[in-house]
Amino acid sequence: MHMNQAVRPMTNGISSTEIDSDWWRGAVIYQIYVRSFQDSNNDGIGDLRGAIQRLPYVAGLGVDAVWVTPFFKSPMKDCGYDVSDYLEVDPTFGTLADFDAFLAEAHSLGIKVMIDLVLSHTSDQHPWFIASRKSQDNPKHDWYVWADPKPDGSPPNNWLSVFGGVAWEWDSVRCQYYLHNFLASQPDLNFHNREVQDALLDIVKFWLGRGVDGFRLDTVNFYFCDRELRSNPALAEELRTGTIAPMVNPYNYQMHVFDKNRPENIGFIKRFRATLDKFGCRAAMGEVGDAQRGLEIIGEYTSGDSLVHTCYAFDLLSEDWPNAERIVKLLKKFQEIAPDGWVTWAFSNHDVARHTTRWGLSQQAQRLLTTLIMCARGSVCIYQGEELGLPEANLAREYLQDPYGVRFWPEFRGRDGCRTPMVWSADRMNGGFSEGRPWLPVPEAHLSLAVSEQDADADSLLQQYRSAIALRSSLPALGSGGIDSLQALDDVVSFIRSSVSETVYCAFNLSGTASRIDLPDGEWEQVFGFNAGPTPRFGTFALPEWESFVAIKR
């Protein structure tokens, strides 16, 4: 594949101030899973000082921002997504001074920093929960979702946990059940209580005051549950889908209309956004976890300018191969649902099998999909290691750390296979991640894909990511422009991206055979894809298998 991208200034008539306040729109965001990125003290666990060492590499990719997974104080029952103190850094990852240094280094390299904020639940070791469980009449008695049992002693309704089993845990001190949508050690906060909202917004202000550029909001659609605690209705069997263990977890047997996705959530999100806006040029990206109504909810949460800036879509994190018809259907659906909303697309993250393995991708397919996602309307998340084409690690049972995998083994192997350490150098111990024993083993198959190997190869997948990101950055239409003329024909996805200053035509052949494409009327100059060059193109031509074509209208 021969690649060529036009490097052009952003001259689409928008002032620099407006561009900065709108930096999230079309941004490429690199997800740093801190535990597995770089270990600086050889204890086998990645940390903030290690991440600082690798920020020049991240900057070299050309991304706009990083999303940093939770580093707050935690008992680590769920790798940091169980927070016991939102205002302190867990010693596993370093100190507040280390975070400040990370933030300063990122900013010096021109990278925005978004931190992963888990607001829907805390650890059961958080002081709020410790106080709440003491009695049914203490000052924090209703900071969590508590309920009496049914007359027969069973839980108050049929709600299920994402991680398996019922979503209610009996507490022998209060003699009541508390709600946990995830682990029993992750009790859910009661957002119906205004004091809880205020306390969480104070945490938001703390980190904004420290200089973070925004937040990735974990499980943003889980904040509120039904005040009356009504049971969920059953979900038709043919609709039981999901991105995580859809066939072995009965969680997917329900329509989740009462335990999450509540209309009351809009009110809190507006309060959150108003808080954010007071600090200027900050942004929030919500994670919407819902297999049936994901895009619809994203539309609800991102429409207008008083809610979340963008939301993270799960549609391309599923097992379903993204053929031309499916991709066009997704892009059109979001346009219809929320024409003024904004979605963030991703192929991989820390919760699902890596897409290289999930879809059985050839190197050609990986390259093509990389270019496609960089040309689609929306923002983009890259999960560390996907730019290297890392496959999912197949770990033995003895190495598992993920409580979800431990529960459903062997039918579901958990999420550890996508969380193994980043590989930096093929010839160094543990791929250069750590000189100590890593918290998860480094697969032998990953070493040949290390950064050191791909840096030296002009035709590597790593170089393809850099080129595709540079293409997106150089053309305003690809970053924040509109999209139309969406079409799926013979496994070819095509569309037009446009801004005030330019019109860009994009086509992608997602098949192993060449297909003919018909260029829209006018003269087009190809800037990226197969045999890219300055020769003008008109009319019809053949697009080779697994190739892209990106051109500017002249």
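Scroll up to find the structure this text is about.
### Considerations on the sheet that holds strand 9 (residues 214-217)
Next up, step 1: The strand order around the closed barrel formed by eight strands is 1-2-5-9-10-11-12-13, and the pairing between neighbours is parallel. Neighbouring strand axes in the sheet, compared pairwise and without regard to direction, differ in orientation by 25 degrees on average.
Next up, step 2: Inspection of the sheet shows strand 11 (residues 310-312) paired to strand 12 (residues 343-346) by two bridges, in the parallel sense. Looking at strand 12, one finds that Tyr312 is bridged to Thr344.

### Some words on the side chain of Thr69
Next up, step 1: You can see Thr69 is positioned in the loop between strand 2 (65-68) and strand 3 (72-73).
Next up, step 2: For Thr69, the residues in contact, after removing those within four places along its chain, are Gln31, Ile32, Tyr33, Val34, Tyr81 and Asp116.

### Regarding the pattern of salt bridges
Next up, step 1: Taken as a whole and judged by the stated rule, the model has 26 salt bridges.
Next up, step 2: A salt bridge links Arg210 to Asp100; the nearest nitrogen and oxygen atoms lie 2.9 Å apart. With Arg210 in helix 5 (residues 194-210) and Asp100 in helix 3 (residues 96-108), this pair connects stretches of sequence that are 110 residues apart.

### What to know about the nonpolar core
Next up, step 1: Ranked by internal contacts, the top residues of the largest apolar core, which has 132 residues, are Tyr30, Tyr57, Trp207, Phe215 and Trp345.
Next up, step 2: When residues in this core are grouped by element, the largest group, eight residues, is from helix 5.
Next up, step 3: Membership of the second largest hydrophobic core comes to 16 residues, among which are Ile29, Met114, Leu317 and Trp342.

### Description of the packing of aromatic side chains
Next up, step 1: Throughout the structure, instances matching the rule amount to 39 aromatic pairs.
Next up, step 2: Measuring from ring centre to ring centre gives 6.0 Å for Phe215 and Phe272, while their planes differ by 70 degrees; the resulting arrangement is edge-to-face. You can see Phe215 sitting in strand 9 and its partner Phe272 sitting in helix 6 (residues 265-277), a full 57 residues away along the chain. Accessibility classification places Phe215 together with Phe272 in one group, the buried group.
Next up, step 3: Over the ring of Trp424 we find Arg54; its NZ or CZ atom is 4.1 Å from the centre of that ring.
Next up, step 4: For Arg358, the ring lying beneath its charged end belongs to Trp359, and the centroid distance is 4.7 Å.

Cut-offs used in this document
- Residues numbered from 1 in each chain as written.
- Predicted model: local features only at pLDDT ≥ 70, side-chain atom pairs only at ≥ 80, totals over all residues.
- Heavy atoms only, no water.
- Pairing = 2+ DSSP bridges.
- Helix = DSSP H or I, 4+ residues; strand = E, 2+ residues; numbered from the N terminus.
- Axes fitted to C-alpha atoms, helices over the stretch in contact; angles between N-to-C directions.
- Contact = heavy atoms within 4.5 Å.
- Salt bridge = Lys/Arg side-chain N within 4 Å of Asp/Glu carboxyl O.
- Core = buried A, V, L, I, M, F, W, Y, C linked by side-chain atoms within 4.5 Å.
- Buried < 20%, exposed > 50% of the residue type's maximum accessible area, 1.4 Å probe, protein only.
- Phe/Tyr/Trp six-rings, centres within 6.5 Å; stacked < 30°, edge-to-face > 60°.
- Lys NZ or Arg CZ within 6 Å of the ring centre and 35° of its normal.

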